[in-house]
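Below are the chains, spelled out letter by letter.
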Amino acid sequence: FGLNGGYTWGHDANGGTLGAHLGYNWHGTSNWLLGLEGDLGWSGVDGNTVSGAAAGQFSQDWTSSLRARAGYAWGPLLLYATVGGAMADHNVRLSAPGGSLDASDTRFGFVYGVGLEGKLSQSISGRVEALNTHFSPQTYVVPGAAMKVDPSHTMLRAGLSFLVLFGAVIIV
C-alpha cells in the first residue's frame, strides 16, 4: 500500500492529484515481476472554456484505476509498464443566453503508462510514473450553445510504497 501525488493535464482541464494505492506483486526467481494494482484519489482537475456567448466549466473530484503491472528488476530498481481500466467523476456546467446545464456523471475508460520504482529500504520503495487516461469525449447542449468535453489526460506522479513480503509475493 502507499501514497502518491502529482499533476494532471489534458485537452480541457488540468490540476493536482493526491491518492493511495494498493497492489499485489509476484516476483519469482527471475528478474520479471507481475502484479495487480488499484488506486483511488482526490483530483483537483478543472478547466474553463468560452465559445461565443457560451461559458463552460469542467471539473473532476476523484479518479481511480485497476491496472495490471509487468516489469523487470535490476537490483533495487524496477522498470514497469501498466495497463487497465479507469473510472472518474466528471462535472460540467454550461451557461448560454438560451439556458444552462449542470451535469455530473461517473465515466469509465482505460489507462496505460510506464514507471520506475526503487527500493529505499527493505520495506519502503519510491516511484515515479506517467499514466495516460482516456475517456470518450461528450458533447453537452443547451439552446443556442454546445460544449464538447474531452476529459482524457496525462498524469505524472510520484509516490511511496510500504512493502509487506510473503515469500515471493509483495503487497505494495
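In case you missed it, the structure is sitting above this.
These remarks concern the structure in this document. This structure is a prediction, so every number in the text was calculated from the model and none was measured.

This part is about the overall build of the protein. Of regular secondary structure, the protein possesses 0 helices and 12 strands. Each helix and strand of the protein, ordered N terminal to C terminal, gives the series β-β-β-β-β-β-β-β-β-β-β-β. Overall, the protein is about 65 × 20 × 20 Å in size when its C-alpha atoms are taken along their principal axes. Looking at the 172 residues of the protein, the share that counts as buried comes to 41%.

With that settled, the discussion passes to the side chain of Asn91. Take Asn91: it is sitting in strand β5 (residues 77-96). A polar side-chain atom of Asn91 sits 3.2 Å from a polar atom in the side chain of Asp61. Of note is the side chain of Asn91, whose polar atom sits 3.1 Å from the side chain of Asp89. Excluding its chain neighbours within four sequence positions, the residues that come into contact with Asn91 are Gln57, Phe58, Ser59, Gln60, Asp61, Ala103 and Ser104.

This part takes up the environment of Ser30. Mapping Ser30 onto the fold places it in the loop between β2 (14-27) and β3 (32-51). Residues Ser30 and Ala73, 43 residues apart in the sequence, show an inter-C-alpha distance of 8.9 Å.

A contiguous nonpolar surface patch, about 470 Å² in accessible area, is contributed by Trp74, Leu77, Leu79, Leu116 and Val128. For Trp74, a relative accessible area of 49% gives the class partly exposed.

Here strand β9 (residues 145-149) shows one buried face, formed by Ala145, Met147 and Val149, and one open face, formed by Ala146 and Lys148. Taken together, the 5 bridges between strand β8 (residues 138-142) and β9 define a ladder with antiparallel strand orientation. Each bridged residue has a counterpart across the sheet, and for Val141 the counterpart in β9 is Ala146. The loop that links β8 with its antiparallel partner β9 comprises 2 residues; one of these, Gly144, has a positive phi angle of about 90°.

It is worth spelling out the side chain of Ser125 at this point. The residue Ser125 is located in strand β7 (residues 124-134) in this model. Since its relative accessible area comes to 2%, Ser125 is described here as buried. A polar contact is formed between the side chain of Ser125 and the side chain of Glu117, at a distance of 2.5 Å. If we ignore the near neighbours within four places in the chain, the residues touching Ser125 are Glu117, Gly118, Lys119, Leu120, Gly159, Leu160, Ser161 and Leu163.

This structure, assessed with the given rule, holds 5 aromatic pairs. Considering the side-chain rings of Phe1 and Phe162, the 5.5 Å spacing of their centres and the 35° angle between planes classify their relative orientation as tilted. Of this pair, Phe1 sits in the segment before β1 (2-10) while Phe162 sits in strand β10 (residues 153-162), and the two are 161 residues apart along the sequence. Judged by centre distance (4.8 Å) and plane angle (70°), the ring pair of Trp32 and Tyr72 falls under edge-to-face. Of the two residues, Trp32 sits in strand β3 while Tyr72 sits in strand β4 (residues 54-74), which places them 40 residues apart along the sequence. The exposure class assigned to Tyr72 is partly exposed, which follows from its relative accessible area of 24%. Following the ring pairs from residue to residue traces out a cluster consisting of Trp32, Tyr72 and Trp74. We note Arg69 situated over the ring of Tyr80; from NZ or CZ to the ring centre the distance is 4.4 Å.

Tallied over the full model, the rule gives 9 salt bridges. As a salt-bridge pair, Arg127 and Glu37 come within 2.8 Å of each other at their nearest N and O atoms. Linking Arg127 in strand β7 with Glu37 in strand β3, this pair joins segments that are 90 residues apart in sequence. Considered together, Arg127 and Glu37 belong to a single accessibility category, that of buried residues. Taking the shortest distance from any N to any O, the salt bridge between Arg69 and Glu117 comes out at 2.9 Å.

What counts and how
Residues numbered from 1 in each chain as written. Predicted model: local features only at pLDDT ≥ 70, side-chain atom pairs only at ≥ 80, totals over all residues. Heavy atoms only, no water. Helix = DSSP H or I, 4+ residues; strand = E, 2+ residues; numbered from the N terminus. Buried < 20%, exposed > 50% of the residue type's maximum accessible area, 1.4 Å probe, protein only. Polar contact = N/O pair within 3.5 Å; in protein donor to acceptor, adjacent residues only side chain to side chain. Contact = heavy atoms within 4.5 Å. Patch = residues over 30% accessible without salt bridge, like charges linked within 9 Å, V, L, I, M, F, W, Y side chains within 5 Å. Areas by Shrake-Rupley, 256 points an atom, 1.4 Å probe, with all protein chains shown as cover. Salt bridge = Lys/Arg side-chain N within 4 Å of Asp/Glu carboxyl O. Pairing = 2+ DSSP bridges. Phe/Tyr/Trp six-rings, centres within 6.5 Å; stacked < 30°, edge-to-face > 60°. Lys NZ or Arg CZ within 6 Å of the ring centre and 35° of its normal.

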